[in-house]
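Chains, contacts and geometry: an overview
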Amino acid sequence: MNRRIFWLLISLLGPASAQAQLIPGAWRFELELAPGRRLPFHIEFAQAAGGWQAWIRNAAERLPMEAPRIQGDSVFLRTSVFNSEFRGRLLPEDRIEGVWRNYDRKTHHTLPFRAEYGVPQRFPLRPGKGRLAPVWAVTFSPGTDKAYPAVGLFTQNGSYVTGTFLTETGDYRYLEGAMDGDSLRLSAFDGSHAFLFAAGFDANGHLEGTFYSGSHWQEPWIGRPDPQAALTDPDSLTYLLPGYERLAFSFPNPEGRMVSLADPAYQGKAVIVQVLGSWCPNCMDESKQLAAWHRRYQAEGLEIIGLAFERTGETASSLAAIRRMKQALGLPYEVLLASTSTDKALASQALPMLNHIMAYPTAIYLDRQGRIRKIHTGYYGPGTGAYHTRFVEQYTAFIEALLKE
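Parameters at a glance
- Residues numbered from 1 in each chain as written.
- Predicted model: local features only at pLDDT ≥ 70, side-chain atom pairs only at ≥ 80, totals over all residues.
- Heavy atoms only, no water.
- Helix = DSSP H or I, 4+ residues; strand = E, 2+ residues; numbered from the N terminus.
- Buried < 20%, exposed > 50% of the residue type's maximum accessible area, 1.4 Å probe, protein only.
- Polar contact = N/O pair within 3.5 Å; in protein donor to acceptor, adjacent residues only side chain to side chain.
- Contact = heavy atoms within 4.5 Å.
- Pairing = 2+ DSSP bridges.
- Axes fitted to C-alpha atoms, helices over the stretch in contact; angles between N-to-C directions.
- 1 Å grid on protein atoms, 1.4 Å probe; cavity = no way out; pocket = protein on both sides within 12 Å on 5 of 7 lines; lining within 4 Å.
- Points joined across faces, edges and corners; volume = space filled by probe spheres on them.
- Nonpolar A, V, L, I, M, F, W, Y, C, P; charged D, E, K, R; others polar.

Regarding the side chain of T377
Its location among the elements puts T377 in strand β25 (residues 372–377). Judged by relative accessible area, T377 falls into the buried class, the value being 2%. Within the structure, the side chain of T377 is placed 3.2 Å from the side chain of T238, a separation counted as a polar contact. When near neighbours in sequence (up to four residues on either side) are disregarded, T377 contacts E168, P234, L237, T238, M358, A359, P361 and T362.

Now the structure itself:
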């Protein structure tokens, strides 16, 4: 969006008051996905000696943003990891209105938003009879050739609900919402993805609803309580094809230097090769864990290489996105540009020794001899609770065993 269009949109909001100002504390934001369909979340603001600070809040998660920029009655908010921005205008009665733009998307990338100070509830917390079991067997797009399974995890306290959905390619991170009467609503916004889930109970006590992703995607979903609900083992979905013995690649890092798994720095080391994208929230979660392992075990012989598949279609902006991600997450390992496209078929071509790349992220674990020992598809992030804890414990032990060989 060019500057002239932005100020035209802002001018339609009417004259601002001289008293309008940004107030420290929680503001309830709403993205307008479609007429009558709004996705709520919170952004917290604070003032420090160096200026303003801001965080996106979803349930227990607080995602840091870049320092807010205020010019007169205009507010500019950029997310720290993802390439998106809020441009708004401070209005009377402690409100902000404007537009949010996701620069990583070529279409459906701009949504109107409004925000109000001091509204603590994401959705109305009205009492009702609807009760959620902790674990659900879920199907998205049921009855179609695009159907896929998931596990719904929910915690309900009165009308307040938190939870997530596990899928074979990752999870929907921290969802927060409410049982409004007998209707379930959950939402999440991470700076790149805007997720809204709505559902109600049928006569059998099952859930039927719709999942909305921004303004560009929606699909139905159904669920039934099932404490034994499970997915395919994520270590079995991607594997080395017959006829291949080793992983091999050579791609540029953000400084333009070609880096290869055959470089001396990786010889005799246990290596984790991460397939990711700077636009991917599950990749952000996995990268934080990989960085922690790298700092803990590098001296014992662990190295990590990230292979980024970006959305921009252009090399310079893709490299800039990688640099931004590395800085925001404090990643101490190399992240290389494998492609300027996220097409999974192209990702599979970049690593032809694998049967496919099914998900971003995918992590490939190599021993000190360069042999592939595990390939883990997707990632169960901290929003999945016990699933995440169990994964970290199991793979910490596995890494330690590789390093001792």
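Section: the sheet that holds strand β1 (residues 25–34)
Here nine strands make up an open sheet; going across it, the order is β4-β3-β2-β1-β9-β8-β7-β6-β5 and the pairing antiparallel. Both outer strands of the open sheet, β4 (61–64) and β5 (69–71), are each paired with one neighbouring strand and no more. Here the average twist between neighbouring strands, direction ignored, is 30°. The pairing of β5 with strand β6 (residues 74–78) spans three bridges and is antiparallel. If you follow I70 over to β6, its bridge partner there is V75.

With respect to the sheet that holds strand β21 (residues 270–276)
Taken in spatial order, the five strands of this open sheet run β23-β22-β21-β24-β25, and their pairing is mixed. Strand pairing shows two members of the sheet lacking a second neighbour, β23 (334–339) and β25, which therefore form its edges. Neighbour-to-neighbour, the strand axes of the sheet open up by a mean angle of 20°, direction not taken into account. Two elements, strand β24 (residues 362–366) and β25, share five bridges in a ladder whose sense is antiparallel. The partner of Y365 across the bridge, within β25, is K374. Lying on the sheet, helix α5 (residues 386–404) is in contact with β21, β22 (302–309), β24 and β25; it crosses β25 at an angle near 160°.

Details of empty space enclosed by the protein
Across all of its chains, the model carries five cavities of 30 Å³ or more by this definition. Taken as a whole, the largest cavity spans an internal volume of roughly 100 Å³. What lines the largest cavity is a set of 13 residues, among which W100, R105, S192, G214 and H216 lie closest to the centre. Across the lining of the largest cavity, the residue classes break down as three nonpolar, nine polar and one charged. Of the volumes computed, that of the second largest cavity is approximately 50 Å³.

Geometric descriptors of this kind do not, in isolation, establish any biological role.
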